[in-house]
Amino acid sequence: MTAQTISAAYYRGNKSFAVEETAATAPGPGEASIRIAYCGICGTDMHVYHGNMDARVGLNRVIGHEMSGVVEAIGEGVDSVQPGQKVVVRPLDHCGECPACKRGHKHICQNLKFLGLDTDGAMQEIWTVPAHTLHRLPDDLRMDHAALIEPVAVACHDVRLSDLQPGEDVVVIGGGPIGVLVAMVARDAGGNVVISEVNPNRLAIAAKLGFETVNPTETDLAAAINDHTGDKGADVVFEVSGTQPGVDAMTTVAATKARIVMVAIHATKPQIDLFQFFWRELQLIGARVYEPEDYEKAIAVVTSGGVDADVVITDVSPLSDIQAAFEALDRSPTAMKSLIKVGSRA
Ligand SMILES: [Zn+2]
Ligand SMILES: [Zn+2]
């Protein structure tokens, strides 16, 4: 196969990207190459942009993992997909040998490689990945909407681990991009959802998405949730804020026997009111990334319109403008999801 020349955006440190021509990598055995349509900018990508992950990603890395695309070519031994099929990549490559993998928990492999951080990612026209990471899409799903499937799969994993039952009361603490997706997936599963958020722009988007909202800097959140639930409290709480006030709120809004799902990445060690876990038999559930069934659920939810993709996607820029797109997102952290339109043919 002759190598194709493609455009790729390289993170080069110091809040800078360089879009350069390079040769596409042909798929080896067990791999497939994907012509990328769209790639969303994740909070993790913003951390890379800010230089917080230089030690992990280096200074010559194509980042990006929230993508949609079409299979361009397949390597030897690949029979799960064919060229021309629409796909998304579940960007996790596991070792298969560690204790976590051996017990079937490949998504939290102890040597997990995250594609697009530990390897080159989707901010390039053709991305070559292990074929086991691919999920096929329905033909009629819009490719811009499909770029939301990765973050929606995060939300599907969180909601699945919460064991949410239809009719249960849910509080989502933190109404950023992941928070609103968790809220939409929880609502799709039959939950009565309230979003707690302090930022007025994010509160406005949450309201536009049809959610009841509380600004805990203006209203007593626990009192509002008691009001809303006949003094019972929330059956399921998602902590998505990553803040001490959020961690304080997660126990004060919880009903007896509530399940609290820790979605946020807490870089420090917040104080947790452990007494409440004893007194009211609360459960705390850790949730990280997703498993294949969460991807299949996310594809179904996005395809059915359970996630209002047109409200969540706030900006789309071409790959050539990736630098400006990151700068804009940095200036306006209240934007929900910015997409990069990677392919010109998509
Ligand atoms: Zn992401
Ligand atoms: Zn492993």
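What counts as what
Residues numbered from 1 in each chain as written. Chains lettered and ligands numbered in written order. Predicted model: local features only at pLDDT ≥ 70, side-chain atom pairs only at ≥ 80, totals over all residues. Heavy atoms only, no water. Donors = N, O, S within 2.8 Å, 3.2 Å for Na, K, Ca; no water. Tetrahedral: all angles 85-135°; square planar, octahedral: opposite > 155°, others 65-115°. Core = buried A, V, L, I, M, F, W, Y, C linked by side-chain atoms within 4.5 Å. Buried < 20%, exposed > 50% of the residue type's maximum accessible area, 1.4 Å probe, protein only. Domains from an automatic or database assignment. Contact = heavy atoms within 4.5 Å. Helix = DSSP H or I, 4+ residues; strand = E, 2+ residues; numbered from the N terminus. Buried area = accessible area lost by both parts, 1.4 Å probe. Salt bridge = Lys/Arg side-chain N within 4 Å of Asp/Glu carboxyl O. Polar contact = N/O pair within 3.5 Å; in protein donor to acceptor, adjacent residues only side chain to side chain. Nonpolar A, V, L, I, M, F, W, Y, C, P; charged D, E, K, R; others polar. Arc of directions from axis to C-beta. Pairing = 2+ DSSP bridges. Right-handed = clockwise from strand over helix to strand, strands pointing away.

1. Considering the coordination of the zinc ion (ligand 2)
Okay, step 1: Coordination of the zinc ion (ligand 2) by the protein comes from C95 (SG), C98 (SG), C101 (SG) and C109 (SG), over a distance range of 2.3 to 2.4 Å.
Okay, step 2: Viewed at the metal, the four donor atoms of the zinc ion (ligand 2) are separated by angles of 102 to 120 degrees, and the geometry they form is tetrahedral.
Okay, step 3: Sequence spacing among the residues donating to the zinc ion (ligand 2) works out to C-x2-C-x2-C-x7-C.

2. A closer look at the nonpolar core
Okay, step 1: I34, M67, M123, I149, V152, V172 and F238 are the most contacted members of the largest nonpolar core, which has 99 residues in total.
Okay, step 2: Two domains share this core, each providing at least three of its residues, namely domain 1 (5–148 + 307–341) and domain 2 (152–286).
Okay, step 3: If near-sequence neighbours (up to four positions away) are discounted, M67 is found in contact with I34, I36, Y38, C39, V87, V88, V89, A122, W127, A146 and A147.

3. Notes on the environment of E296
Okay, step 1: Topologically, E296 is positioned in helix α11 (residues 292–304).
Okay, step 2: The sequence separation of E296 and A153 amounts to 143 residues, and the corresponding C-alpha distance is 8.2 Å.

4. Let's talk about the domain arrangement of the chain
Okay, step 1: Considered domain by domain, the chain is made up of domain 1 (5–148 + 307–341) and domain 2 (152–286).
Okay, step 2: On a C-alpha basis, the centres of domain 1 and domain 2 stand 29 Å from each other.
Okay, step 3: With ten residues of domain 1 in contact, the opposing surface of domain 2 contributes 14 residues.
Okay, step 4: Overall, the association of domain 1 and domain 2 removes approximately 1,100 Å² of surface from exposure, summing both partners, and the carbon and sulfur fraction of that is 76%.
Okay, step 5: Our count for the contact surface shared by domain 1 and domain 2 stands at zero salt bridges.
Okay, step 6: At the boundary of domain 1 and domain 2, one finds one residue pair in polar contact (both at pLDDT 80 or more).
Okay, step 7: Its residues assigned to classes, the side of domain 1 that touches domain 2 comprises seven nonpolar, two polar and one charged.

5. Remarks on the coordination of the zinc ion (ligand 1)
Okay, step 1: Distances from the zinc ion (ligand 1) to its protein donors, namely C42 (SG), H65 (NE2), E66 (OE) and E150 (OE), fall within the range 2.2 to 2.8 Å.
Okay, step 2: Angles of 81 to 163 degrees at the metal separate the four donor atoms of the zinc ion (ligand 1), which places the site in the irregular class.
Okay, step 3: Each donor residue of the zinc ion (ligand 1) belongs to the same chain, with the gaps between them written as C-x22-H-E-x83-E. Of the two residues, C42 is situated in the loop between β3 (31–40) and α1 (43–49) and E66 in strand β4 (residues 66–74); the sequence distance between them amounts to 24 residues.
Okay, step 4: When its relative accessible area of 1% is taken as the criterion, E66 is described as buried.

6. Looking at the pattern of salt bridges
Okay, step 1: Per the stated rule, a full pass over the model turns up 15 salt bridges.
Okay, step 2: The closest approach of N and O atoms between K15 and D330, which form a salt bridge, is 3.7 Å. Placement of the pair is K15 in the loop between β1 (5–11) and β2 (17–23) and D330 in helix α13 (residues 322–331), with a sequence separation of 315 residues.
Okay, step 3: One salt bridge in this structure joins E72 and R35, with 3.0 Å as the shortest N-O distance. One end of the pair, E72, is in strand β4; the other, R35, is in strand β3, and 37 residues separate them in sequence.

7. Points about helix α7 (residues 200–208)
Each turn of an α-helix holds 3.6 residues, which means side chains three or four residues apart point in the same direction.
Okay, step 1: For α7, the full list of buried residues reads R202, L203, I205 and A206. Taken down its axis, α7 places every buried residue within 160 degrees of arc, on the same side. Opposite the buried face of α7, at more than 90 degrees from it, the exposed residues are P200 and K208.
Okay, step 2: Packed against the buried residues of α7 are α6 (177–188), β11 (192–196), β12 (212–214) and α12 (309–312).

8. A closer look at the pairing of strand β14 (residues 254–262)
On a regular strand, each side chain points to the face opposite its neighbour's, so the side chains alternate between the two faces of the sheet.
Okay, step 1: Counting buried positions along β14 gives seven out of nine residues, so the element sits mostly inside the fold.
Okay, step 2: Where strand β13 (residues 234–239) meets β14, five bridges bridge the pair, whose relative direction is parallel. Each residue of the ladder has a partner; that of V237, found in β14, is I260.
Okay, step 3: After leaving β13, the chain enters helix α9 (residues 244–252) and then returns to the sheet as β14, a path that is right-handed.
Okay, step 4: By the bridge criterion, four bridges tie β14 to strand β15 (residues 283–286) in an arrangement that is parallel. Considered in β15, the bridge of M262 is made with G286.

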